[in-house]
Amino acid sequence: MLCVGLTTVDVSQVVAEFPAPGQKVQSLGVHLAPGGPAANAARAVAALGHRAVLLTAVDGELGGFARERLRPVEVHSVGAGGPALSMVVVRERDGERTVVSRNAAGAGAAGEVPAGLVEAADVVLVDGHHGRLALEAARRARRRGVPVVLDAGSWKPVLDDLLPLVDVAACAEGFELSEREVHDRGVPLVVRTHGPRPVTWSRGGAVGSQPVPVVEVRDTNGAGDAWHGALAVAVARGDDVADAVAWANEVAAVRVRHNAWDWVEELGRWRDRR
């Protein structure tokens, strides 16, 4: 699995309630860990027992920390100035979170996709950050017949060129385009998450949905990223869409039941119990 996109370093603070403007609060816990859509997806892929390769920008001041904590993910960096520092505040009673981050701003992709990465992948997962890298990887994947999965969290300019190269667009609830508009851009399978409500999908005129497990939520940050990683693993296995979405929903449920400091290990234990 090749995951192409954003890596951050997340400072996660757990609070009883979000502070009001100008208010100071003491957190109930703090943790420092890698984050970002592509990096979290790669961590989930590895925890699920699949080979995970991450193409990103981690050459900045925090790059060494990110690389160390991302193991056993195989990390390739072709950027300058990353990873970004991301500030995450998680509300204890329901796991809701708020995030402030520079994302890929100021961390330009300075190189090309290294030879052999796409060719060795069974799936390429892109998040649209570092758009030139995402586009190059998707073009190579299309030529090689490697499925491309898009984490469509929000609109990015590269998507005009990227969507026609995508096999599966996994859209967040707030993604700007409708399912029909995504299909019209050339994407065969469109899946959309809706928070705690059932995940919906459409392909070739057929539609379906899968319920989301009801669990006690501790931390929602990165749940969508883990979901995308699990979906990509299911695509690599050749699962049908209903089974793939159900599997991804279960993985996301594991993520939200745990905190930033233990979800990867718990996901590995969950995999071993299955």
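Computed from a predicted structure; not experimentally measured. (Residues numbered from 1 in each chain as written. Predicted model: local features only at pLDDT ≥ 70, side-chain atom pairs only at ≥ 80, totals over all residues. Heavy atoms only, no water.)

Draft legend 1. Up close: the environment of Leu54. By the element assignment, Leu54 lies in strand S4 (residues 53-56). Residues Leu54 and Gly145, 91 residues apart in the sequence, show an inter-C-alpha distance of 20 Å. Residues within four places of Leu54 in sequence aside, it is in contact with Cys3, Thr7, Ala38, Ala39, Ala42, Leu70, Val73, Glu74, Val75 and His76. (Helix = DSSP H or I, 4+ residues; strand = E, 2+ residues; numbered from the N terminus. Contact = heavy atoms within 4.5 Å.)

Draft legend 2. Local environment of the packing of helix H7 (residues 241-256) against helix H8 (residues 263-273). At a closest axis distance of 9 Å, the pairing of H7 and H8 adopts a crossing angle of 135°. As the angle between them shows, H7 and H8 are arranged oblique. Here H7 and H8 pass one another in a crossing that is right-handed. Residue-level contacts link Trp247, Glu250, Val251, Val254 and Arg255 of H7 to Trp263, Glu266, Leu267 and Trp270 of H8. Each residue belonging to the contact of H7 with H8 can be placed in one class, and the counts come to six nonpolar, no polar and three charged. (Axes fitted to C-alpha atoms, helices over the stretch in contact; angles between N-to-C directions. Parallel < 35°, antiparallel > 145°, perpendicular 65-115°, else oblique. Left-handed = near helix turned anticlockwise from the far one by under 90°. Nonpolar A, V, L, I, M, F, W, Y, C, P; charged D, E, K, R; others polar.)

Draft legend 3. Layout of the pattern of salt bridges. Scanning the model with the defined rule gives 17 salt bridges in all. The closest approach of N and O atoms between Glu17 and Arg93, which form a salt bridge, is 2.7 Å. Within this pair, whereas Glu17 is found in the loop between strand S2 (8-15) and strand S3 (29-35), its partner Arg93 is found in the loop between strand S6 (84-91) and strand S7 (97-101), the two being separated by 76 residues in sequence. For Glu17, a relative accessible area of 38% corresponds to the partly exposed category. Using a relative accessible area of 54% as the deciding quantity, one classes Arg93 as exposed. With a shortest N-O distance of 4.0 Å, Arg144 and Glu119 are connected by a salt bridge. Placement of Arg144 in helix H3 (residues 131-144) and of Glu119 in the loop between S7 and strand S8 (124-126) is noted, with a sequence separation of 25 residues between them. Arg144 gets classed as exposed once you look at its relative accessible area, which sits at 57%. For Glu119, a relative accessible area of 33% gives the class partly exposed. Here the residues in one salt-bridge network are Glu17, Arg91, Arg93 and Asp94, joined through shared partners. (Salt bridge = Lys/Arg side-chain N within 4 Å of Asp/Glu carboxyl O. Buried < 20%, exposed > 50% of the residue type's maximum accessible area, 1.4 Å probe, protein only.)

Draft legend 4. Fine view of helix H2 (residues 63-70). Buried within H2 are the following residues: Gly63, Ala66 and Leu70. Down the axis of H2, the buried set is contained in an arc of 65°. They therefore lie on one face. Elements that come into contact with the buried residues of H2 comprise S2, S3, helix H1 (37-47), S4 and strand S5 (74-77). (Arc of directions from axis to C-beta.)

Draft legend 5. Focus on helix H6 (residues 223-237). Compared with an ideal rise of 1.5 Å per residue, which puts 15 residues at 21 Å, H6 spans 21 Å between its outermost C-alpha atoms and is within 8% of the ideal. Of all 15 residues that make up H6, 11 are buried, and the element is covered over most of its length. Of all the positions in H6, only Ala223, Asp225, Ala226, Trp227, His228, Gly229, Ala230, Leu231, Ala232, Val233 and Ala234 are classed as buried. (Expected span 1.5 Å × (residues − 1).)

By themselves, these observations are geometric and do not establish any function.
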